Every structure is written in C-alpha cells, then in structure tokens.
Amino acid sequence: MRIWTGRAGSGKTTAILREIAALSERGEGRQILLVPELNSHLMERRLAAATHNHGARTAEVLTFSRLADRVFSEVGGLAQQMLTPAGQLLTLQEAARRVQGGLSAWKGLADKPELLQEALRLIDECKTCAVAPETLFAAAEESEDAVLAEKLSDLAQILTAYERLCEESLPDPRDRLTHLRDRLAESHTLDGAAVYLDGFLGFTVQESAVVDAMLAAGVPLSAAVTCDTDYPEIFLTGCKTVQRLTRMAKHHNQMVERIELGESKVARPAGLAALERESLLPVRTPQESAAGVRLYEAASPFDECEHAAAYIRRKVRDEGARCRDFVVAARDIEPYSAFLAMAMARYDIPVFLAEKPDLLSRPPMALVTNALEAVRNHFRYEDLSPVSRPDLRAWIGTKLIN
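Residues numbered from 1 in each chain as written. Predicted model: local features only at pLDDT ≥ 70, side-chain atom pairs only at ≥ 80, totals over all residues. Heavy atoms only, no water.

**Q** Any chance you could explain the pattern of salt bridges here in plain terms?
**A** Side chains that differ in sign of charge can pair as their charged atoms come close. Using the criterion set out here, one finds 19 salt bridges in the structure. A salt bridge links Arg-26 to Glu-28; the shortest N-O distance between them is 2.7 Å. Residues Arg-376 and Glu-373 are paired through a salt bridge, measuring 3.0 Å at the closest nitrogen-oxygen approach. You can see Arg-376 and its partner Glu-373 sitting in helix α14 (residues 363-376), 3 residues apart, about one turn around the helix. According to the relative accessible area criterion, Glu-373 is partly exposed, its value standing at 29%. Where salt bridges share partners, they join Arg-30, Glu-60 and Arg-70 into one cluster. (Salt bridge = Lys/Arg side-chain N within 4 Å of Asp/Glu carboxyl O. Helix = DSSP H or I, 4+ residues; strand = E, 2+ residues; numbered from the N terminus. Buried < 20%, exposed > 50% of the residue type's maximum accessible area, 1.4 Å probe, protein only.)

**Q** In this structure, what is going on with the environment of Ile-32? I would like to understand it.
**A** With respect to the helices and strands, Ile-32 occurs in strand β2 (residues 30-34). Each C-alpha atom, one on Ile-32 and one on Leu-67, is 9.8 Å from the other, the two residues being 35 residues apart in sequence. Setting aside its immediate chain neighbours within four residues, Ile-32 contacts Glu-60, Leu-62, Leu-190, Ala-193, Ala-194, Val-195 and Tyr-196. (Contact = heavy atoms within 4.5 Å.)

**Q** So what exactly am I meant to see when it comes to the packing of helix α9 (residues 205-216) against helix α10 (residues 236-251) here?
**A** The angle between the axes and the distance between the axes are what describe a pair of packed helices. Between α9 and α10, the least distance of the axes is 10 Å, while the angle of their chain directions is 35°. Read as a crossing pair, α9 and α10 show a hand that is right-handed. Side by side, α9 and α10 meet where Ser-208, Val-211, Asp-212 and Leu-215 of the first sit next to Arg-244, Leu-245, Met-248 and Ala-249 of the second. The residue makeup of the contact of α9 with α10, split by class, is 5 nonpolar, 1 polar and 2 charged. (Axes fitted to C-alpha atoms, helices over the stretch in contact; angles between N-to-C directions. Left-handed = near helix turned anticlockwise from the far one by under 90°. Nonpolar A, V, L, I, M, F, W, Y, C, P; charged D, E, K, R; others polar.)

**Q** When you look at unusual backbone geometry in this model, what are you seeing that I'm missing?
**A** Leaving glycine out, the prevailing phi sign among residues is negative, and the prevailing peptide bond configuration is trans. Despite not being glycine, Asn-53 has its phi angle at roughly 65°, a positive value. Here Asn-53 lies in the loop between α2 (40-50) and β3 (59-62). Judged by relative accessible area, which is 64%, Asn-53 ranks as exposed. Positive phi outside glycine occurs at Asp-348, with the angle close to 55°. Turning to its location among the elements, Asp-348 is positioned in the loop between α13 (334-346) and α14.

**Q** Mind showing me how you'd approach the sheet that holds strand β6 (residues 257-260) here?
**A** Sheet architecture is open: 6 strands sit in the order β3-β2-β4-β5-β1-β6, paired in parallel fashion. Only two strands of the sheet have a single partner each, and these edge strands are β3 and β6. For this sheet, the mean inter-axis angle between neighbouring strands, taken without regard to orientation, is 20°. Helix α1 (residues 12-26) contacts β1 (2-6), β2, β3, β4 (193-197) and β5 (221-226) of the sheet and is inclined by roughly 145° relative to β1. The sheet contacts of helix α3 (residues 64-75) involve β2 and β3, and relative to β3 the element is tilted by about 115°. (Pairing = 2+ DSSP bridges.)

**Q** Any chance you could explain helix α5 (residues 113-128) here in plain terms?
**A** In an α-helix, one full turn covers 3.6 residues, which means residues spaced three or four apart are oriented alike. Over its 16 residues, α5 extends 23 Å from the first C-alpha to the last, a length consistent with the 22 Å expected when each residue adds 1.5 Å. Turning to α5, its buried residues are Leu-116, Ala-119, Leu-120, Ile-123, Asp-124, Cys-126, Lys-127 and Thr-128. Here the buried face of α5 lies against α4 (85-98), α6 (133-142), α7 (146-168) and α9. Ala-130, located one to two residues past α5, shows a positive phi value of around 55°. (Expected span 1.5 Å × (residues − 1).)

That is the geometry; function is a separate question.
Right, here's the structure in full:
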C-alpha cells in the first residue's frame, strides 16, 4: 500500500492522475480511481484531461455504490429491490409495534411519527458504523446510567426486530456496503486492477470494511489523505485515517510506503497562505503582508451578510468585477440563508443559495400537508388561521394575483 499525505493543494491528486495516465499510456493493467459520490463527476473530467481523453480504455472513476453495482451485476443481487425511505419508516413502525411490550424509555414509539424519524436516523447511524444489536445490549448492561441503559436496550430491541423484518421482506439500503464486503471475494471485478482512493478525509466503518476486503484479496491499493503528520492535533481525522490504513495493510502482511508531499503548492496571496498555514497553531509568526485577507467584526449574522453584499457591490461598481467572481461560504449556511437573501436583494445582487430545503417546507406541499392536518384535527382554529401560516397566505395571494 502507498499513502500520499500532505496539505490541501500539495499535489496528491495530481500525482495519482499522472501515475494513472502513465500506466494507461503504456497499457499496463487497469486503474480504478475510487472517490466520494460528490467528487465523481469532477474526477471523471480531471482523469479525461490527464489522459488526453484516452484513459477510458484502462482507467475509470468509481464510487463505493457504483463498485457495488459492478460486483452485484457479476455475483448476483443487482436487481434486488431495496426499501424506500417510506418503506423504511413503515418497517420501523411495525418493528416498534412488535417489541412495544418490552420498551421502557421509548414506550409508544409506534404511535409517534416524530420519534420514529429520530429512531430511523439512529438505526441508519448504527448500520453505517456496523453496530450490531448485541453490541447495544452489551453497552446497556455495562452502563451505569439507568436512563441511558434503558434507551440502549430499547434501541437494541427495535434494531433486532427491524433487521428481522428486513430479512422477511426487503433489505435496508444501508446494508449494501456490508453485502459488498461479504461478496467482493467472489467477484473478478478488481482482478488485475490497481485501486486509488482519493478525496476521502475519512472512512465509515462500512467503507473501511470494503477497503479491508480489497487488501485481503491482494488488490494493489494507493490512497491520498489530506493531513500534516507534524500537526496531528490539528489534522486529527486525516492522521487517524492514515493510521487506520496502515494497520489494515500490516494486518494483511503488506508493506506501507508513505509519500509526504508537504505544504500546498498552489499560489495564493501572502496573507491567505499564512492563514492556511498557521491559523490553528498555538504560536503564530507575525506576517509583514496581509494581502488577500480582510477581517470584519460583525454585530450579528445580518450585519455579516450586509457587509458581504456591500463589499461585492463596491467591487462590481468600482473595479468592474462580475457577480460570478464571488463566493460566500459559511460552516452552516442555514442560519445565514434568509439574511443573505435579504442583504443581496437590498444591494441588487443576484445570488444562488446552494442549500437543500425540505420539500415539505415548500408552500405548495405545506398547503397540502396542513390541509390534511386540519382535517385530522377536526378543523381547529390554529390549523385554519392565516396568521399561523403567513408563508402559505403569501404564496396563495401571489398565485391569485398572477
């Protein structure tokens, strides 16, 4: 196994693409670039550019789900139907009904839709992390907190009943990677192929199990991980990923080659480079130039958004910049989305918000769901009052005017 490490922009992906292009040019074996779902389209374009559009003969970009499709199309199981989100919820409700006599903390779960949604998220998390019901039962027995023990025991009972129902009807889609791990040895999909892992900051337990199955099958594996091993307390997740991959390789008696690429090679203003390099260090070096960085202390989120809008308008008006040249980023965009839309509208700046709102929160769907809720509650005043749903009132008024 080879592991490329380095900070963002240090050239890890470039090194992988160059190697794949060289192997493809010589026609040496097959190369599979395994990336996260969101990166697949971009990496396909970069691979095509690196190989001058000739790499498709031996190289391809896959994700874990597409790799599962390849394996199941060979060993069977590709046409297997899975539970839909609605089917998962109904199956969970039936599982809760079957074990409701033994529940304590979650008694009456089957009749509480909001709690069912939360329970389904917990089950998804358990499956992603490969947590079996037996593990939950053991944790409940060892817990000294009585309330926590009850919750763990209830979750273990529900998970057991849920898995039994899935075996009787349709499998849960979260089990797909677990099935991929179990059946990878039967497949010839990776025969003669070198696998490159790129774009992953870390791996879930299920993904780690698939990687371990590849190592067990003797597949040549290379990985690129964003981390700086000199600062493990800062690049905690990346360093843990490197350690996990190293342990898995040694478990299968494989040598590990570490290739350290160091700091970013991307040209950037001095201030921005210093911020990336030292912002999280306990001791910082004073910088003579702060080019590329401006700090603004705002009184509120709306003040932040208004400052950003004013800055963009000034750049567009005075320096001939284009609106598409600007990106507004936040760790969590949800608290800012409404303020940002208001500020951008005030300064006449078109803005696209990259967010995924709940479909049921959209006015047309909310109108239908609230109408059904009104019928279910025998037309309570709160369900019919326009004051309680101003968003629906505004949307209906707009449609009537149009």
